[in-house]
Amino acid sequence: MQPQNRAVMNTVSTVKRILLYFTHDGLIGITPHIMNFYMERNHMDFGTCFLQPLTEKTALEISQWEYEEPYRVYSFKGHHNGYLFDSKAWGTEQFALCQVEKIIGQVACQFDSDRLWCGWSLAPEYCGKGNGHLFVNQCVQEIRKVKQYRNKIYLRVAVSNKRAVRAYQKAGFVYSETILDEIAYSGHMEDFWIMVKE
């Protein structure tokens, strides 16, 4: 079969690129506007997700999550995580964001004085699809509901994790200050941003 007779669609993970396909007329480009529409239609509906306490079953599943480079350092797999399996924190500090019985993300939140600090991990299969800010917004909404909390929410994020930083910014978190901290299990200190959402 000749290349010009094949229909080929190259799907990309960012709205700044262009979808291309071949027809018998030659190469045709789909505009970024159409690409935006395509990506919006393919966003997951996080509005149907809800928080539920971690259980041994969900903790075991999350413990096998593994991310691709350059995010492999955030993988659960291969790292002993005593906190994840601390059943005393299940339902008080640790939750799973679920859609029916499907685990979409892991959520942790802790009070430090009067500040609520949160962290979350999106399941690897949903990463890199432009869903991050939607996931974060749903987590925030669910945390506020479960905790009956209406004040500021704080998080820390490695400056090098640009994908996460962009997602937090799109979700309404704003920069507060820079600190030195360590990505868990990395043994390497680096710059982190403290970010806050009203």
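One can find the structure itself at the top, above this paragraph.
Here the structure is a predicted model, which means the values were calculated and not measured. (Residues numbered from 1 in each chain as written. Predicted model: local features only at pLDDT ≥ 70, side-chain atom pairs only at ≥ 80, totals over all residues. Heavy atoms only, no water.)

Engineer: Quick one: what's the story with the overall build of the chain, residue by residue and with numbers?
Structural biologist: Regarding its fold elements, the chain presents four helices and nine strands. Written out in order from the N terminus, the α and β elements of the chain read β-β-α-β-α-β-β-β-α-β-α-β-β. For the chain, the proportion of its 198 residues judged to be buried stands at 37%. Within the chain, residue pairs in contact and separated by at least 24 positions form 54% of the contacts whose partners lie at least 6 positions apart. By element, 52% of the accessible surface of the chain is carried by carbon and sulfur atoms, the whole surface being about 11,900 Å². (Helix = DSSP H or I, 4+ residues; strand = E, 2+ residues; numbered from the N terminus. Buried < 20%, exposed > 50% of the residue type's maximum accessible area, 1.4 Å probe, protein only. Contact = heavy atoms within 4.5 Å. Areas by Shrake-Rupley, 256 points an atom, 1.4 Å probe, with all protein chains shown as cover.)

Engineer: Could you give an account of the sheet that holds strand β9 (residues 189-197), naming the residues involved and the relevant values?
Structural biologist: Strand order in this open sheet of seven strands is β3-β4-β5-β6-β7-β9-β8, and the pairing throughout is mixed. Looking at which strands have only one partner, the edges of the open sheet turn out to be β3 (50-53) and β8 (174-182). In this sheet, neighbouring strand axes are inclined to one another by 35° on average, regardless of whether the strands run parallel or antiparallel. Relative to β9, strand β7 (residues 153-158) runs antiparallel, the two being bridged by six bridges. Counted as the bridge partner of Val 157 is Trp 193 from β9. (Pairing = 2+ DSSP bridges. Axes fitted to C-alpha atoms, helices over the stretch in contact; angles between N-to-C directions.)

Engineer: Pulling in residues and values, what's your account of the nonpolar core?
Structural biologist: Among soluble globular proteins, nonpolar side chains are generally buried collectively. Ranked by size, the top nonpolar core spans 43 residues in total, and within it Trp 120, Tyr 168 and Phe 173 carry the most contacts. Where this core is concerned, the elements lending two or more residues are α2 (56-62), β4 (94-99), β5 (102-112), β6 (115-122), α3 (132-147), β7 and α4 (162-170). Looking at this core, the element that brings in the most residues is α3, giving five residues. Not counting chain neighbours up to four residues away, the residues in contact with Phe 173 comprise Trp 120, Val 136, Val 140, Ile 153, Leu 155, Tyr 168, Met 195, Val 196 and Lys 197. (Core = buried A, V, L, I, M, F, W, Y, C linked by side-chain atoms within 4.5 Å.)

Engineer: Explain the pattern of salt bridges residue by residue, including any values.
Structural biologist: Using the criterion set out here, one finds six salt bridges in the structure. In this structure, Glu 198 and Lys 152 form a salt bridge, with 3.8 Å as the shortest nitrogen-oxygen distance. Of this pair, Glu 198 sits in the segment after β9 while Lys 152 is found in the loop between α3 and β7, placing the two residues 46 residues apart along the sequence. When its relative accessible area of 66% is taken as the criterion, Glu 198 is described as exposed. Owing to a relative accessible area of 34%, Lys 152 belongs among the partly exposed residues under this scheme. (Salt bridge = Lys/Arg side-chain N within 4 Å of Asp/Glu carboxyl O.)

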